[in-house]
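# Residue-level structure breakdown
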Amino acid sequence: MRVIGGLWRWRKNPLRRTTDLVEAWVALVALLLIVVAAPVVGSLVGAVAQDSLQRSVRAQHESRHLVTATVTRKLDRAPLDPEPDTTAHDIRTRVVAAWTAPDGTRLHDTVLAPLKSPHAGEHFRLWTDSRGHLVTRPLDSATATTHAVLAGLGAAMLTAGVVESGRRLVLWRMVRRRYAGWDQAWDRAGPDWGKAGTGS
């Protein structure tokens, strides 16, 4: 990592400039922030995300219910599966089905059933809210934890990226200032170069 590369500037050297020492301190501070602050930020973000997602998991499991539906009839064509949590290998067939909501209401609608060749009277399970309206499967605890871990890792990486960008910005400004100083020195000395009696 380039942050470590700036630390060599601490060694004793008669040609070492003040800016070299400043660059070494900037590199050390950046390294400490990446090693210490980035994991702390990642842990905090991950913990907050985990808490929020687990509350969401509990709320979804309380408000969504798995009910048994009965196939009334199969429909000819199945549209694209609108459920984001199904995979390409899930078999879904469009059917008209009837089910009883948790509040006792009897409902029927066109749904996608996880049956290869459904027949009237065949049963399958689907998720509904308390009034029997179709909902997606509730988020499970393991998936929520995975999302929280990814959020924490992303926050840690973002923090490290911001610190490294800040270090590069500071060094860029120092180098520009150094070049401006060299340009001024060149302008002062340049016109005399090559003239007789200037010691060139």
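Whatever comes next refers back to the structure up there.
Please read these numbers as outputs of a predicted model, since none were measured by experiment.

What the chain contains, in helices and strands, is three helices and four strands. Listing every helix and strand of the chain by position from the N terminus yields α-α-β-β-β-β-α. Burial status across the chain gives 28% buried among its 200 residues. Looking at the chain alone, contacts between residues at least 24 apart form 64% of all its contacts between residues at least 6 apart.

Remark: helix α2 (residues 18-63) packs on helix α3 (residues 141-189), axes separated minimally by 7 Å, with the N-to-C direction vectors making an angle of 160 degrees. On the basis of the axis angle, α2 is roughly antiparallel to α3. Helix-helix and strand crossings are classified by hand; for α2 and α3 the assignment is right-handed.

Counting 11 residues, the largest nonpolar core is built from Val67, Ala69, Val71, Val95, Ala97, Trp99, Val111, Ala113, Leu115, Phe124 and Leu126. Counting only elements with at least two residues in this core, the list comes to β1 (65-74), β2 (93-100), β3 (106-113) and β4 (123-128). Other than its neighbours up to four places away in sequence, Val67 contacts Trp99, Thr100, Pro102, Phe124, Arg125, Leu126 and Thr128. Formed by five residues, the second largest nonpolar core is a distinct cluster that contains Ala30, Ile34, Ala38 and Val163.

As judged from the eight bridges shared by β2 and β3, these two strands associate in the antiparallel manner. Of the residues in β3, the one forming a bridge with Val95 is Val111. Following β2, the chain reverses through five residues before pairing antiparallel with β3; Gly104 in that reversal takes a positive phi of roughly 95 degrees.

Here we take up the pattern of salt bridges. Inspection of the entire model under this criterion finds three salt bridges. The salt bridge involving Asp51 is made with Arg55; its shortest N-O contact spans 2.5 Å. Remark: Arg55 and Asp51 occur in helix α2; sequence separation between them is four residues, near one turn of the helix. Of the charged contacts in the structure, one is a salt bridge between Arg168 and Glu164, with a shortest N-O distance of 2.9 Å. Pair noted here: Arg168 and Glu164 are both in helix α3, with a separation of four residues, about one helical turn. On the basis of relative accessible area, Arg168 is assigned to the partly exposed category, the value being 42%. What you see here is one network of salt bridges that share partners, running through Glu164, Arg167 and Arg168.

Quick look at the sheet that holds β1 now. Strand pairing within a sheet occurs via backbone hydrogen bonds; the two strands may be parallel or antiparallel. Spatial ordering of the open sheet is given by β3-β2-β1-β4, a layout of four strands whose pairing is antiparallel. In this open sheet, the two edge strands, each paired with only one partner strand, are β3 and β4. Taken pair by pair, the neighbouring strands of this sheet meet at an average axis angle of 45 degrees, ignoring direction. Sheet topology note: the β1/β2 ladder contains five bridges and is antiparallel. The residue bridging Lys74 from the neighbouring strand is Val95, located in β2.

A few words now on the side chain of Glu164. Glu164 gets classed as buried once you look at its relative accessible area, which sits at 15%. A polar atom in the side chain of Glu164 sits 2.9 Å from the side chain of Arg167.

This paragraph deals with the side chain of Thr159. Residue placement: Thr159 occurs in helix α3. One polar contact links the side chain of Thr159 to the main-chain carbonyl oxygen of Ala155, over a distance of 2.8 Å. Sequence-distant contacts of Thr159, that is, excluding residues within four places in its chain, are made with Ala37, Ala38 and Val41.

So, on to the environment of Asp140. Within the element layout of this structure, Asp140 appears in the loop between β4 and α3. On a C-alpha basis, the gap between Asp140 and Leu53 in space is 9.6 Å, while along the polypeptide they are 87 residues apart.

Conventions we followed
- Residues numbered from 1 in each chain as written.
- Predicted model: local features only at pLDDT ≥ 70, side-chain atom pairs only at ≥ 80, totals over all residues.
- Heavy atoms only, no water.
- Helix = DSSP H or I, 4+ residues; strand = E, 2+ residues; numbered from the N terminus.
- Buried < 20%, exposed > 50% of the residue type's maximum accessible area, 1.4 Å probe, protein only.
- Contact = heavy atoms within 4.5 Å.
- Axes fitted to C-alpha atoms, helices over the stretch in contact; angles between N-to-C directions.
- Parallel < 35°, antiparallel > 145°, perpendicular 65-115°, else oblique.
- Left-handed = near helix turned anticlockwise from the far one by under 90°.
- Core = buried A, V, L, I, M, F, W, Y, C linked by side-chain atoms within 4.5 Å.
- Pairing = 2+ DSSP bridges.
- Salt bridge = Lys/Arg side-chain N within 4 Å of Asp/Glu carboxyl O.
- Polar contact = N/O pair within 3.5 Å; in protein donor to acceptor, adjacent residues only side chain to side chain.

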